[in-house]
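Descriptive structure summary
Now for the letters of each chain:
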Amino acid sequence: MTAVSNHPRYFALIPAAGVGARMEAGSPKQYLPIAGKPMLRHALDAFLASPLIAHTYVVVSAEDGQIDAVVPQGNNSGVTVLRCGGATRMETILNALQALHGSIDAHDQVLVHDAARPGLTPALIAKLITEVGAHPAGGLLALPVVDTVKRAGPGSLSAQTVPRDGLWLAQTPQMFSYALLHRALSQAPDPQAITDDASAVEALGLAPRLVEGHPRNLKVTLPRDIHTAELYLSHP
């Protein structure tokens, strides 16, 4: 067990065991090239460039044959590949947390980030860490909703305008202490309702802090998102 420090360390955790079915690509979307390198590598490089991050873990399936060509190699690379990915994102993260038991202290902070968000920057990482601070429920990057929100009825007809006051679009990284994140995911009453790590923490009755992110930190989900991501990446 590592010695417990008064100050938490910050670890990045990138679940990358998904297949990206909506991208209609021949390989998992995290390996699709964007602006000259695999999408996952952009996210990884942001953490490797941050002096605040003690180490980065990438979690893939046991059968993944592409990851070794994407991550930097060597004992001092700053990144470790964990081959314990599960069938769902939540299962993948839980498997990783269990694999890291004893290597990360309970109060150390884990920043979970989507592999499909290549627009992350060291500045956004620093902003999240600084503004969440010692908030016991952790926090996440997010964007306030600025457009008018509609609820659709049958036939894609507009049935209702939803007040946007207080509405935010969640991004990642989402940062929580190791102990809290493990407890929240382990005790999730309805795994199907857990759409991100913050929702698992909220299910415990806690309120993570929202930290304003940036549109460049978009999630690449559909083929058209690649062009948008490349526009942001061309202007760091």
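Residues numbered from 1 in each chain as written. Predicted model: local features only at pLDDT ≥ 70, side-chain atom pairs only at ≥ 80, totals over all residues. Heavy atoms only, no water.

Digging into helix 2 (residues 89–99)
Every buried residue belonging to helix 2 is among M90, T92, I93, L94, A96 and L97, and all of these are buried. Its buried side turned inward, helix 2 meets strand 1 (10–15), strand 4 (55–59), strand 5 (79–82), strand 6 (109–112), helix 4 (178–186) and helix 5 (197–202). (Buried < 20%, exposed > 50% of the residue type's maximum accessible area, 1.4 Å probe, protein only. Helix = DSSP H or I, 4+ residues; strand = E, 2+ residues; numbered from the N terminus. Contact = heavy atoms within 4.5 Å.)

A few points about the sheet that holds strand 1
With respect to topology, seven strands assemble into an open sheet ordered 5-4-1-6-10-7-11, the strand pairing being mixed. Every interior strand has two partners, whereas the edge strands, strand 5 and strand 11 (209–212), have only one. The mean inter-strand angle of the sheet, taken between neighbouring strand axes irrespective of direction, is 30 degrees. This element, helix 3 (residues 122–132), spans strand 1, strand 6, strand 7 (139–144), strand 10 (168–177) and strand 11 of the sheet and lies at about 145 degrees to strand 11. (Pairing = 2+ DSSP bridges. Axes fitted to C-alpha atoms, helices over the stretch in contact; angles between N-to-C directions.)

Observations regarding the pattern of salt bridges
A full pass over the atoms with the stated rule returns eight salt bridges. Residue R83 is joined to D68 by a salt bridge in which the shortest nitrogen-to-oxygen separation is 2.9 Å. One end of the pair, R83, is in the loop between strand 5 and helix 2; the other, D68, is in the loop between strand 4 and strand 5, with 15 residues separating them in the sequence. Ionic pairing is found between R89 and D114, a salt bridge with its closest N-O pair at 3.2 Å. Here R89 is found in helix 2, whereas its partner D114 is found in the loop between strand 6 and helix 3, with 25 residues between them in sequence. Where salt bridges share partners, they join R89, D114, R117 and D197 into one cluster. (Salt bridge = Lys/Arg side-chain N within 4 Å of Asp/Glu carboxyl O.)

Re the pairing of strand 9 (residues 158–162)
By the bridge criterion, four bridges tie strand 8 (residues 149–152) to strand 9 in an arrangement that is antiparallel. The residue of strand 9 that forms the bridge with K150 is T161. The turn joining strand 8 and strand 9, which pair antiparallel and follow one another in sequence, is formed by five residues; a positive phi near 75 degrees is taken by G155.

Describing helix 4
Among the residues of helix 4, those classed as buried are Y178, L180, L181, A184 and L185. Here the buried residues of helix 4 occupy an arc of 170 degrees about the axis, which is enough to place them on one side. Looking at the packing, one finds that the buried side of helix 4 touches helix 2, strand 6, strand 10 and helix 5. (Arc of directions from axis to C-beta.)

Brief notes about the pairing of strand 10
Across a regular strand the side chains alternate sides, sitting on one face of the sheet and then on the other. Among the ten residues of strand 10, seven are classified as buried, and the element is accordingly described as predominantly covered. The pairing of strand 6 with strand 10 spans four bridges and is antiparallel. Across the sheet, the residue bridging to Q109 is S177, located in strand 10. Pairing between strand 7 and strand 10: five bridges, direction antiparallel. Directly across from P144, in strand 10, lies its bridge partner W168.

Re the packing of aromatic side chains
Counted under the stated rule, the structure contains one aromatic pair. Ring centres of F11 and Y57 lie 6.3 Å apart, and the angle between their planes is 35 degrees; this geometry places the pair in the tilted category. With a gap of 46 residues between them, F11 in strand 1 and Y57 in strand 4 connect regions that are remote in the sequence. Grouping residues by exposure puts F11 and Y57 together as buried. (Phe/Tyr/Trp six-rings, centres within 6.5 Å; stacked < 30°, edge-to-face > 60°.)

With respect to the side chain of T56
Along the polypeptide, T56 turns up in strand 4. Those residues within four positions of T56 in sequence are excluded, and the remaining contacts are A12, I14, L44, F47, L48, G78, V79 and T80.

Remarks on the environment of G166
Residue placement: G166 occurs in the loop between strand 9 and strand 10. Accessibility expressed as a relative area gives 69% for G166, which makes it exposed. For G166 and V145, which are 21 residues apart along the polypeptide, the C-alpha to C-alpha distance reads 8.0 Å.

A look at the UniProt feature "site: Positions MEP for the nucleophilic attack" (unreviewed entry) in the chain
Residues annotated by UniProt as "site: Positions MEP for the nucleophilic attack" (unreviewed entry) correspond here to R164 and K219. Relative to the helices and strands, R164 resides in the loop between strand 9 and strand 10. Classification of R164 as partly exposed rests on a relative accessible area of 36%. A polar side-chain atom of R164 sits 3.3 Å from the main-chain carbonyl oxygen of V146. Counting through the fold element by element, K219 comes out in the loop between strand 11 and helix 6 (223–233). You can call K219 partly exposed: its relative accessible area is 35%. Discounting chain neighbours no more than four positions away, the residues touching K219 are K29, D114, A116, R117 and D225. (UniProt positions renumbered as here; feature names shortened; annotations may be inferred. Polar contact = N/O pair within 3.5 Å; in protein donor to acceptor, adjacent residues only side chain to side chain.)

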